[in-house]
Structures are given as structure tokens and as C-alpha cells.
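# Fold and geometry: a report
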There are 2 protein chains.
Amino acid sequence: MVVHISLEKDVLRSNQEWAERNRLMFKENGIHTINLVSSPGSGKTSILEKAIPILRDWLQLGVIEGDVMTTLDAERIASLGIKAVQINTRGACHLDAKMIHEALQQLPLSEIDLLFIENVGNLVCPADFDLGEQERITILSVTEGVDKVEKYPYVFQNADAVLLNKIDLLPYLDFNLPRFDAEIQKLNPIASVYRMSAANGEGVRLWSEHLIQKLKKKHPESE
Amino acid sequence: MVVHISLEKDVLRSNQEWAERNRLMFKENGIHTINLVSSPGSGKTSILEKAIPILRDWLQLGVIEGDVMTTLDAERIASLGIKAVQINTRGACHLDAKMIHEALQQLPLSEIDLLFIENVGNLVCPADFDLGEQERITILSVTEGVDKVEKYPYVFQNADAVLLNKIDLLPYLDFNLPRFDAEIQKLNPIASVYRMSAANGEGVRLWSEHLIQKLKKKHPESE
């Protein structure tokens, strides 16, 4: 197992080099990149489907979809007229920076302001892999249970923002909102927390508008 | 990456050896072992909490809980008076057969008829790792979306049974039950499929009673 661990270190070091290359490409092209991490079925694609019609009025968008198999999510995004590239990880439980680097060759980088990377549905593996993104967002849906913050702390600790999705289902669940807020506060007091429902759109506009404001501040010349 | 892949093969070969040792121990002790696989928050522990009061009238139970961090699930099971051992994988996204072998040293094997192993919440990593179990059960909750079968096919292909949980929430969701049945039928036509709700108990009794029947047939002398 020692061999395995030292190899893991090599894998992470190599990943870091690719991540730095990606970061440079994002910077050169003025792209803000967001890495979306969550369990399978927490609503990453559904949130994007609701946010894109708001964001596209202000920003040029691109999406990289990561999945073990299938191109279902990329098709959903492409049907909105957004440039979407699908990465199939062929069994790997996370995206890595090299996969992203290859996907970037297929996108018109100079035309993109905001690039979403939808990671493989997983609360463990994506935590260690920097993709070169400027912002990492972890999504939890209320149906998964409030204990998931404590059980999978890494993905919440490293997040710049946390989206709590499916709040339309709160009346039918035993989900302790104050405990959720307290757990996030304890692990990651500087994370922005947004409550939303991709099903009915509640809260998606607020998050989207904050995103637009932030990017406008970052690139005031584009106003 | 070639090195990485060949090492992966070594890891899997070593895992297989430990799995065979576990399988022998289960056989020698007349233990039926079930490996429970699902996303985080699909309801593995909640289903066990509802099934244990039914199963314990007929069978001696044991539970091994796998988690990245925390002992929350083992505490929930132990509070029902069931022997529960917690494995913390320290970052790994699945249990392996050696971890199980070590956990078995802490259980009174000769007193157990049915041993549940709750894997780490993950639809990717656990698929490749045989733990020596006789039965693998994959759980999907309706809140995760029907597309997860197609997106994470391995865990459904290798399952002996599939539990569809949280059906109490179906009225509030856009979950296509016929499509779910068709996807499972296509991937794994011999899997038994049970619909249930760990929240209100619906369907848990049927599954539990089928389990009791199966184990009684296997060990008729214990009747």
C-alpha cells in the first residue's frame, strides 16, 4: 500500500501541473470557472438548466459535463443552445485537470465569460482534484439528509459556496435546517450558502444575480 | 498512467484474495452477507432501521458500517441493540475486502445469521470491490432521478436486488417509474426489484420477509 500511496501523490502532483495550465488559460481568456460537486442526483444539471436563462442575458456561457458514462447531461445543456462538452471518465469517480485541459480544446475560449464544470456525481473523489477553477461549489439536496455535511466534510470545507437544493421538498422531510447551517458554519464559515429549488426555480435567481454581480465587478470593462 | 492501471490490477487481485477469505469465513459460520451500495443519502441506514425490527424476530443480525468519517451510522444501528462495527475508510470512496476482514474480528461470527455491510455512499467506487458477500443490493432513491441507472450502470448490473426507496415522495417528483423498470430490466433482467419507503415503512416488510424466507430455505435445520 505504500507504493499505492506514493503513486497517489504522483497522480496528485501531475494533476496540479495540469490545473495550473488550465488556470493560466482561464486567466488569459478572462474566464471565470466554477467546479460543481455533489452526490448523484443532487441537481447539478437541473440548477444549470434554471440558471442559464438568467445568466445568458449578461454572460457568455460554456459547460463541461463529467460523467462515468452517457452524454445525457451534455445533451440537456446543449438543447438550451449553450456550448457543452462531455467528458466520459470511463469508470473514474471524478474529473481531473488533464481531462479538463483536453475538453478546453473543444471550446471557443475567447468567447466564454463563465464556464461551469459539472463533476462526476460523488461526494468523495472530486475533493482532492483541483481542476484549475476559480470557484468550487458543493451542492447538497435536502433529500440526502443533513448528516451528509458531517459525513463528507472535505467537499464542504473546500467549497466557496454551498447550494442547498430541493427545498420545495422540505415540507415532506425531516431535514433540520438550523443544524445544516450550524454544520456548514463550523466547517466553513466563509462559504456563501444559498437555498434553492431547481424544480420550481426558487432561489436560483438570487444566486445567479450574485454571480453576475461578482463577474461584472471582476471585469468592469465588459459593462 | 500504465503504471497506475497495472497497480489497480494488483489492488483488485489482492482484494479478491481477501474477499475469498471472507467468503470462506461466512460459509463456515453460516452467515448470509449483503453488501448495500448506493449514493450518499439514498437511505441505506434508514432502511436497515426499519427492517431490523422485522428481521430480528427470525435472524441474528450484525452490521458493518462503512464511512469516510464519523460513526453516526453505527451509533444509529447500535441503538437498536444490534452488533455494529464502524469502518472509517479515511478518505477512500469504498470498502475493500481487507477492511471487512479486520472488522469481522470484532463480531461474534458464530452468533450471526445475516450480516449487512453498508458501503460508503457512492455509485462508482464500490462496484469493483468484491467484499466476499453472497448478495449485493443497490439502492436508488426516487429523489435522485431515473437517469442514474443509465449513468451509473455498473452498480445496477452487478446487483442481486435493487431497492427503490423514498417512494412516499413520488407525488412531488417527476420520476418515471416505467422508465426505471425498463432500464433495470435492460441492464439486469434477473435482479429482484422492491419499491419501498424507509420514511413510512411501506414495502420494507415485503423485502424483509422475502429475505427471511430465502435464509430459512438455505438453513432449514435452523427452523
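Note that this is a predicted model, so its numbers are computed, not measured.

Within chain A one finds eight helices and seven strands. Against the globule reference of 17 Å for 223 residues, chain A gives a C-alpha radius of gyration of 17 Å, in line with a compact fold. Its C-alpha atoms give chain A principal-axis dimensions of about 55 × 45 × 35 Å. Split into buried and exposed, the 223 residues of chain A put 57% on the buried side. Looking at chain A alone, contacts between residues at least 24 apart form 73% of all its contacts between residues at least 6 apart. On chain A, roughly 9,700 Å² of surface is accessible, and the fraction owed to carbon and sulfur atoms is 51%.

Another aspect to go through is the packing of helix 2 (residues 44-55) of chain B against helix 8 (residues 204-218) of chain B. Residue and element names in this part refer to chain B. Helix 8 packs onto helix 2 with a crossing angle of 55 degrees between their chain directions and a minimal axis gap of 9 Å. The angle between helix 2 and helix 8 places the two elements in the oblique class. The hand of the helix 2/helix 8 crossing is right-handed. Note on element contacts: helix 8 touches helix 2 through V204, R205, W207, S208, L211 and I212, opposite I47, K50, A51, I54 and L55. Of the residues contributing to the contact of helix 2 with helix 8, the split by class is eight nonpolar, one polar and two charged.

What follows is about the sheet that holds strand 3 (residues 83-88) of chain A. All names here are of chain A. One open sheet accounts for seven strands, arranged 3-2-4-1-5-6-7; its pairing is parallel. Every other strand in the sheet has two partners, leaving strand 3 and strand 7 (192-195) as the edge strands with one partner each. Sheet twist, expressed as the average angle between the axes of neighbouring strands with direction ignored, equals 20 degrees. Across the sheet, helix 2 (residues 44-55) is in contact with strand 1 (32-38), strand 2 (61-67), strand 4 (114-118), strand 5 (135-141) and strand 6 (161-165); its angle to strand 4 comes to roughly 170 degrees.

On to the relation of the copies chain B and chain A, then. When chain B is brought onto chain A, the operation consists of a screw motion whose angular component is 180 degrees and whose axial shift is 0.0 Å, with 0.0 Å RMSD remaining. Classification of the inter-copy transformation places it as that of a two-fold axis. Both copies share a contact surface, since 100% of the interface residues of chain B are interface residues in chain A too.

Residue and element names in this part refer to chain A. Considering all chains together, one arrives at five aromatic pairs over all chains under this definition. Judged by centre distance (6.3 Å) and plane angle (50 degrees), the rings of F116 and W207 are tilted. Within this pair, whereas F116 is found in strand 4, its partner W207 is found in helix 8 (residues 204-218), the two being separated by 91 residues in sequence. Classification of F116 as buried rests on a relative accessible area of 0%.

This paragraph deals with the state of the cysteines. All names here are of chain B. Within the structure shown, the criterion is met by two disulfides over all chains. A sulfur-sulfur separation of 2.2 Å characterises the disulfide bridge that pairs C93 with C125. The sign of the -100 degrees torsion about the S-S bond sets the C93-C125 disulfide as left-handed. Here the residue C93 occupies a position in the loop between strand 3 (83-88) and helix 4 (97-104), and C125 occupies one in the loop between strand 4 (114-118) and strand 5 (135-141), the gap between them amounting to 32 residues. Given the relative accessible area of 8%, C125 is considered buried.

Residues and elements named next belong to chain A. Evaluation of the coordinates by the stated rule reveals 34 salt bridges over all chains. Of the charged contacts in the structure, one is a salt bridge between R76 and D73, with a shortest N-O distance of 3.8 Å. Residue R76 and its partner D73 are both found in helix 3 (residues 72-78); the two are separated by three residues, about one turn of the helix. Exposure remark for D73: the relative accessible area of 0% places this residue in the buried category. Two residues, R179 and E150, come together in a salt bridge whose shortest N-O distance is 3.6 Å.

Here we take up the sheet that holds strand 6 (residues 161-165) of chain B. Residues and elements named next belong to chain B. Pairing within the open sheet is parallel, and its seven strands lie in the order 3-2-4-1-5-6-7. Each edge of the sheet is formed by a strand with only one pairing partner; in this case those strands are strand 3 and strand 7 (192-195). Between one strand axis and the next, the sheet turns through 20 degrees on average, direction left out of account. Bridging between strand 1 (residues 32-38) and strand 4 involves five bridges; their strand directions are parallel. Paired with N35 across the strands is I117, a residue of strand 4.

For residues besides glycine, phi is generally negative; the peptide bonds are generally trans as well. The phi torsion at T70(A) lies on the positive side, around 65 degrees, for a residue other than glycine. Following the sequence through the fold, T70(A) ends up in the loop between strand 2 and helix 3. At K166(B), a residue that is not glycine, the phi angle is positive and equals roughly 65 degrees. Structurally, K166(B) is set in the loop between strand 6 and helix 7 (177-187).

Confidence in the prediction of chain A, expressed as mean pLDDT, is 94, and 95% of residues score 70 or more. This complex was scored by the predictor with a pTM of 0.91 and an ipTM of 0.87.

Moving on, we get to the pairing of strand 7 of chain A. Residues and elements named next belong to chain A. One ladder, built from four bridges, connects strand 6 with strand 7; its direction is parallel. Bridging across to strand 7, L164 finds its partner in R195. Remark: the strand 6/helix 7 (residues 177-187)/strand 7 crossover connection has right-handed handedness.

Calculation criteria
Residues numbered from 1 in each chain as written. Chains lettered and ligands numbered in written order. Predicted model: local features only at pLDDT ≥ 70, side-chain atom pairs only at ≥ 80, totals over all residues. Heavy atoms only, no water. Helix = DSSP H or I, 4+ residues; strand = E, 2+ residues; numbered from the N terminus. Rg over C-alpha atoms; globule rule 2.2 N^0.38 Å. Buried < 20%, exposed > 50% of the residue type's maximum accessible area, 1.4 Å probe, protein only. Contact = heavy atoms within 4.5 Å. Areas by Shrake-Rupley, 256 points an atom, 1.4 Å probe, with all protein chains shown as cover. Axes fitted to C-alpha atoms, helices over the stretch in contact; angles between N-to-C directions. Parallel < 35°, antiparallel > 145°, perpendicular 65-115°, else oblique. Left-handed = near helix turned anticlockwise from the far one by under 90°. Nonpolar A, V, L, I, M, F, W, Y, C, P; charged D, E, K, R; others polar. Pairing = 2+ DSSP bridges. Least-squares fit on C-alpha atoms with pLDDT ≥ 70 in both. Phe/Tyr/Trp six-rings, centres within 6.5 Å; stacked < 30°, edge-to-face > 60°. Disulfide = S-S within 2.5 Å. Salt bridge = Lys/Arg side-chain N within 4 Å of Asp/Glu carboxyl O. pLDDT = per-residue confidence, 0-100. Right-handed = clockwise from strand over helix to strand, strands pointing away.

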